[in-house]
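# Structural characterization, general
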Amino acid sequence: QFLELCTHLTEEHPEVIPFLSGRHQKASPDFLASAELRNVLSRCLSRVRTRRNKVYVYINELCTVLKAHSFRRKLPLASAPSGPSPPSPPQPPASPQPPASPSAASAASSRPPGGSKRQIRYLENLLRVYMGEIRRLQERELDLAELDSEDSTYLQESRLKRKMMRIFERLCQLKQCSSLTGRVIEQRIQYRGTRYPEVNRRIERFINRPEAFPDYTDILKVIQKASARHSLGLARRQMENMAQDAFREVGNRLQERRHLDLVYNFGSHLTDQYRPG
C-alpha cells in the first residue's frame, strides 16, 4: 500500500521507489515479519495520506529504519586450509599445559563472536523491567511538594531512561547490530551550499557531530581552516559572506530536524491510544 501510494507521488523522481525497494530487500527477515515494521509502515502511510507534500520525508524515514535493520552477512574470521599443510618443526612448549578436551575445543570454535545468549537474555529482561517501572512512574500523580525533591518522579524517570540507553547500546554490541533507531535526529545532513567541495566537506563533518548546533563564528572558523588547509586563497569578505549563507541554511535544517524529531517522539504511553474525534 505504501509503495503504491508513493509511486504516484514520486513520478518526477522515478529512482526513489527502486531505492526504497532495495532497502526493503536488504532488511532482516525477522524485522520484515515484526510488529515494529508494521507500526512504522502504518504510521508513514497515514502521514503520507494527510501530508502528500512531505512524501520524501516519510520515505527517507522508512529507508533509515530499514537500513538500521539491514541483513549483514557475517564472514568467518579465518577459513580452514584447503589442502594439507607442510609439517612445522616441533618446538618445545613454554610451559606444560594439560591437553584440551575435544568437547572444550569444539565449544570454543562454535562460540559466536558476540555475547552469549544468557547475557543477551538478561539485558533484554532488564530493559523490560525498566520499561515497566517507567510506565509506573508516568502513571503516578505528581504533587507540588514533590517538585523540589531530589528524588521526584521526573528525575527517577530520567535516570531510568539514561540507564536504558546504556543497556541498549551494550545490547547492540553483544548482538553485533547497529544502534540506529530510525529517528530523524540520527539522519546525516548533507551540505552542498558552496562551490568549493573542500569547504562543503568540512562544514558537513562539523554540523553532523553529536549535539552540534553551530553559530556564525563556528562556521566562519571552519571555512577559514578549509581555505588555509587546501590553499583556496579566499578573501576575508568572501569567507564572511559564505559563512553567513551557510549559517542560515545549516541553522534552518538543524532546527527542522529537531522539530520533526520532537513531533515524532513526543508523548507518553498514556496518550498512545488517543484519537481526535
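Every residue gets a number counted from 1 within its own chain, in the order that chain's sequence is written. Only residues with pLDDT of at least 70 are given local features in this predicted model, and only at 80 or more are side-chain atom pairs given and counted; all residues enter the totals for whole chains, interfaces and linings. Neither water nor hydrogens contribute to the side-chain values; these are computed over all heavy atoms in the structure.

The numbering of helices and of strands both runs from the N terminus, where a helix is a DSSP run of H or I of at least 4 residues and a strand a run of E of at least 2. In terms of helices and strands, the protein carries 11 helices and 0 strands. Along its sequence from the N terminus, the protein presents helices and strands in the succession α-α-α-α-α-α-α-α-α-α-α. When each of the 277 residues of the protein is scored for burial, the buried share is 29%. Here a residue-residue contact requires only that any non-hydrogen atoms of the pair lie within 4.5 Å. Nonlocal contacts in the protein, meaning residues at least 24 apart in sequence, comprise 67% of its contacts between residues at least 6 apart. Only the protein chains shown count as cover for residues, and all accessible areas are computed by the Shrake-Rupley method using a 1.4 Å probe. If you sum the accessible surface of the protein, you get close to 20400 Å²; carbon and sulfur atoms cover 53% of it. Burial classes: relative accessible area under 20% of the type maximum marks a residue as buried, over 50% as exposed, and values in between as partly exposed (1.4 Å probe, protein chains only).

So, about the side chain of Glu240. Positionally, Glu240 belongs in helix 11 (residues 236-265). According to the relative accessible area criterion, Glu240 is buried, its value standing at 16%. Beyond its immediate stretch of four places on either side in the chain, Glu240 contacts Tyr216 and Leu220.

Right, let's talk about the packing of helix 1 (residues 2-9) against helix 5 (residues 55-68) for a bit. Every axis in this analysis is a line fitted to C-alpha atoms, fitted for helices over the stretch in contact. Angles between the N-to-C directions lie between 0 and 180 degrees. For the pair helix 1 and helix 5, the least separation of the axes is 11 Å and the interaxial angle reads 140°. For the element pair helix 1 / helix 5, the angle class is oblique. Pair helix 1 / helix 5 crosses with left-handed handedness. On helix 5, the residues that touch Phe2, Cys6 and Leu9 of helix 1 are Val55, Tyr56, Tyr58, Ile59 and Leu62. Here the nonpolar group is Ala, Val, Leu, Ile, Met, Phe, Trp, Tyr, Cys and Pro; Asp, Glu, Lys and Arg are the charged ones; every other residue, Gly included, is treated as polar. Here the contact of helix 1 with helix 5 is composed, by residue class, of 8 nonpolar, no polar and no charged. Our angle categories are set so that under 35 degrees counts as roughly parallel, over 145 as roughly antiparallel, 65 to 115 as roughly perpendicular, and the remainder as oblique. Two helices cross in a left-handed way if the nearer one is turned anticlockwise from the farther one by less than a right angle. They cross in a right-handed way if the turn is clockwise.

Turning our eyes to something else, we now look at helix 10 (residues 216-229). A rise of 1.5 Å per residue sets the reference length of helix 10, with its 14 residues, at 20 Å; its end C-alpha atoms lie 20 Å apart and thus fit the reference within 8%. Burial in helix 10 covers these residues: Ile219, Leu220, Val222, Ile223, Ala226 and Ser227. Buried residues of helix 10 fall within an arc of 160° about the axis and therefore sit on the same side. Those residues of helix 10 that are exposed and aimed more than 90 degrees away from the buried face are Lys225, Ala228 and Arg229. Elements that come into contact with the buried residues of helix 10 comprise helix 9 (197-207) and helix 11. The positive-phi residue at the C-terminal boundary of helix 10 is Ser231, with phi of around 55°. Helix span, expected: 1.5 Å multiplied by one less than the number of residues in the helix. As used here, the arc is the angular range of directions from the helix axis to the C-beta atoms.

A separate point is the packing of aromatic side chains. Ring pairs are drawn from Phe, Tyr and Trp, using the six-membered ring of Trp, whenever the two centres fall within 6.5 Å, and their geometry is named by plane angle: stacked under 30 degrees, edge-to-face over 60, tilted for the rest. Counted according to the given criterion, the structure contains 1 aromatic pair. Measuring from ring centre to ring centre gives 6.5 Å for Tyr58 and Tyr264, while their planes differ by 50°; the resulting arrangement is tilted. Separated by 206 residues along the polypeptide, Tyr58 in helix 5 and Tyr264 in helix 11 bring together distant segments of the chain. Among the residues examined, Tyr58 registers a relative accessible area of 3% and is labelled buried. Classification of Tyr264 by relative accessible area gives buried; the value is 17%.

Further remarks concern the state of the cysteines. Two cysteine sulfurs form what is called a disulfide whenever their separation falls within 2.5 Å. Tallied over the full model, the rule gives 0 disulfides. Just so you know, Cys177 is unpaired, no disulfide at all, and the nearest cysteine sulfur is the one on Cys172, 4.2 Å from it.

This brings us to a nonpolar patch on the surface. Only residues whose relative accessible area exceeds 30% and that form no salt bridge are eligible for patches; like-charged ones are grouped when within 9 Å, while nonpolar side chains (Val, Leu, Ile, Met, Phe, Trp, Tyr) are grouped when within 5 Å. Throughout this description, the term salt bridge denotes a Lys or Arg side-chain nitrogen within 4 Å of a carboxyl oxygen of Asp or Glu. A cluster of nonpolar residues, Leu144, Leu147 and Tyr154, forms a patch on the protein surface that exposes about 390 Å² of accessible area. Relative to the helices and strands, Leu147 is located in the loop between helix 7 (117-139) and helix 8 (153-175).

What follows is about the side chain of Gln187. Mapped onto the secondary structure, Gln187 falls in the loop between helix 8 and helix 9. For Gln187, a relative accessible area of 15% gives the class buried. Side chain to side chain, Gln187 and Asn60 meet in a polar contact 2.9 Å long. The contacts of Gln187, once residues within four sequence positions are left out, are Asn60, Glu61, Thr64, Asn208 and Arg257. Any pair of nitrogen or oxygen atoms within 3.5 Å is treated as a polar contact; in protein, a donor-acceptor pairing is required on top of that, and neighbouring residues in sequence qualify only through side-chain atoms on both sides.

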